[in-house]
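For reference, the chains in residue letters:
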Amino acid sequence: MKRFLAVLVLLCFILVQAGCGGQNQDDSGNTDGVSQATEGRYSELEIRDYEGTRLDPSVGPRDNSISGIQEVDIASYTLEITGLVKQKMTLKYDEVLALPSYEKLITLHCVEGWDATVLWKGALLKDIIDLAEADEDANSVIFHCVDGYTTSLPLVEILEKNMIFAYSSNNITLPASLGFPFIVVAEDKLGYKWARWVNEIELSSNADYRGYWEQRGYDNEADIN
Ligand SMILES: Nc1nc2c(c(=O)[nH]1)N[C@H]1C(S)=C(S)[C@@H](COP(=O)(O)O)O[C@H]1N2
Ligand SMILES: [Mo]
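Given the structure is predicted, the values throughout are model-derived calculations rather than measurements. (Residues numbered from 1 in each chain as written. Chains lettered and ligands numbered in written order. Predicted model: local features only at pLDDT ≥ 70, side-chain atom pairs only at ≥ 80, totals over all residues. Heavy atoms only, no water.)

Comments concerning the nonpolar core
- Among the nonpolar cores identified, the biggest contains 53 residues, and Leu 79, Trp 120, Ile 128, Phe 143, Phe 165 and Ile 201 are the most heavily contacted of them.
- Per-element accounting of this core gives the leading share, five residues, to strand S6 (residues 115-124).
- Not counting chain neighbours up to four residues away, the residues in contact with Leu 79 comprise Met 89, Thr 90, Leu 91, Val 96, Ile 128, Phe 165, Val 198, Asn 199, Glu 200 and Ile 201. (Core = buried A, V, L, I, M, F, W, Y, C linked by side-chain atoms within 4.5 Å. Buried < 20%, exposed > 50% of the residue type's maximum accessible area, 1.4 Å probe, protein only. Helix = DSSP H or I, 4+ residues; strand = E, 2+ residues; numbered from the N terminus. Contact = heavy atoms within 4.5 Å.)

Side note on the environment of Ile 158
- Assignment of secondary structure puts Ile 158 in helix H5 (residues 155-160).
- Classification of Ile 158 by relative accessible area gives buried; the value is 0%.
- Along the primary structure Ile 158 and Leu 125 are separated by 33 residues, whereas in three dimensions their C-alpha atoms are 7.0 Å apart.
- The contact partners of Ile 158, leaving out residues within four places of it in the chain, are Leu 125, Ile 129, Val 141, Phe 143, Leu 153 and Met 163.

Quick notes on the side chain of Asn 220
- Here Asn 220 is to be found in the segment after helix H6 (212-215).
- A polar contact is formed between the side chain of Asn 220 and the side chain of Lys 193, at a distance of 3.0 Å.
- Not counting chain neighbours up to four residues away, the residues in contact with Asn 220 comprise Ser 152, Lys 193, Ala 207, Asp 208, Tyr 209, Arg 210 and Glu 214. (Polar contact = N/O pair within 3.5 Å; in protein donor to acceptor, adjacent residues only side chain to side chain.)

A short note on the site of ligand 1
- Around ligand 1 lies a shell of 19 residues, among which Ile 66, Asp 147, Leu 178, Trp 194 and Arg 196 are the nearest.
- Within the contact set of ligand 1, a nitrogen atom lies 2.9 Å away from a backbone nitrogen or oxygen of Arg 196.
- Isolated, ligand 1 exposes 530 Å² of accessible area, and the fraction of that covered by the protein chains is 98%.
- When residues are assigned to domains, the shell around ligand 1 turns out to be shared by domain 1 (1-40) and domain 2 (47-216), each giving three or more. (Near = heavy atom within 4 Å. Areas by Shrake-Rupley, 256 points an atom, 1.4 Å probe, with all protein chains shown as cover. Domains from an automatic or database assignment.)

Things to note about the sheet that holds strand S4 (residues 89-91)
- If you trace the five strands from one edge of the open sheet to the other, you get S4-S3-S12-S7-S8, paired in mixed fashion. If you trace the sheet from one side to the other, it starts and ends with S4 and strand S8 (150-154), each paired once. Within this sheet the neighbouring strands show an average axis-to-axis angle of 20°, counted without direction. (Pairing = 2+ DSSP bridges. Axes fitted to C-alpha atoms, helices over the stretch in contact; angles between N-to-C directions.)

Some words on the confidence of the model for the protein
- Overall, the predicted model of the protein reaches an average pLDDT of 89, with 85% of residues at or above 70.
- Low pLDDT, under 50, characterises residues 8-31; the predicted model gives this stretch 53 contacts beyond four residues in sequence or across chains. (pLDDT = per-residue confidence, 0-100.)

Section: the pairing of strand S5 (residues 101-109)
- Taken together, the nine bridges between S5 and S6 define a ladder with antiparallel strand orientation. The residue bridging Lys 104 from the neighbouring strand is Trp 120, located in S6.
- Linking S5 back to S6 in an antiparallel pair, the connection comprises five residues, with Gly 113 at a positive phi of about 115°.

Observations regarding the side chain of Ser 169
- Topologically, Ser 169 is positioned in strand S9 (residues 164-169).
- Ignoring anything within four residues of it in the chain, the contact list for Ser 169 reads Ser 58, Val 118, Leu 119, Trp 120, Leu 174, Pro 175 and Leu 178.

Here is the structure:
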């Protein structure tokens, strides 16, 4: 029984260590900064450079999402805007794509040590939230995902930084591995704030809400500097 418990504890530890999705971990033996393995991960139509910056492939070599890569059926998909809002909303994929679009070159940093620089395109989270009109006392935004993952961000940071809700990476439709249909581009925040496969945006007054990784000990601010 004791040994069984020890193995169990060890297993949990390993699982937690492996916690974050990985990209760029096989970039060894590279000549010009791009290994063969990385080379193979670019999809045909994706752009690789943006204004002199090399873009990383939109697809990583392995996946460590909490329940694996989610395949979202866009015909039945809806995005719910819930919580402290004047008018709860249900949006279809195309309705988000119809909003004004913004492009940003931003690097995702995972706590595991890898990063990925990608050209993101999407709608402003502000524009989506404004459709539902946040109540006065809303100060946090909780993102709920198809795989049961959650994470949150302060509303003021979303507004001040003009954070986007991306549906495109390096000029291609966001791949499933990156969160199709939508990923939160949580600028200046660690990877675990970049909710993928988001299907609900909840306005809340609970500034201390802790999402999946935050509950397991990761810092709730998650600032990269
Ligand atoms: N729905 C969902 N979103 C998630 C995760 C997850 O497991 N499920 N993992 C997070 C973590 S820890 C990181 S580092 C990034 C990884 O994104 P990428 O592997 O697609 O680059 O997604 C974040 N968003
Ligand atoms: Mo991560």
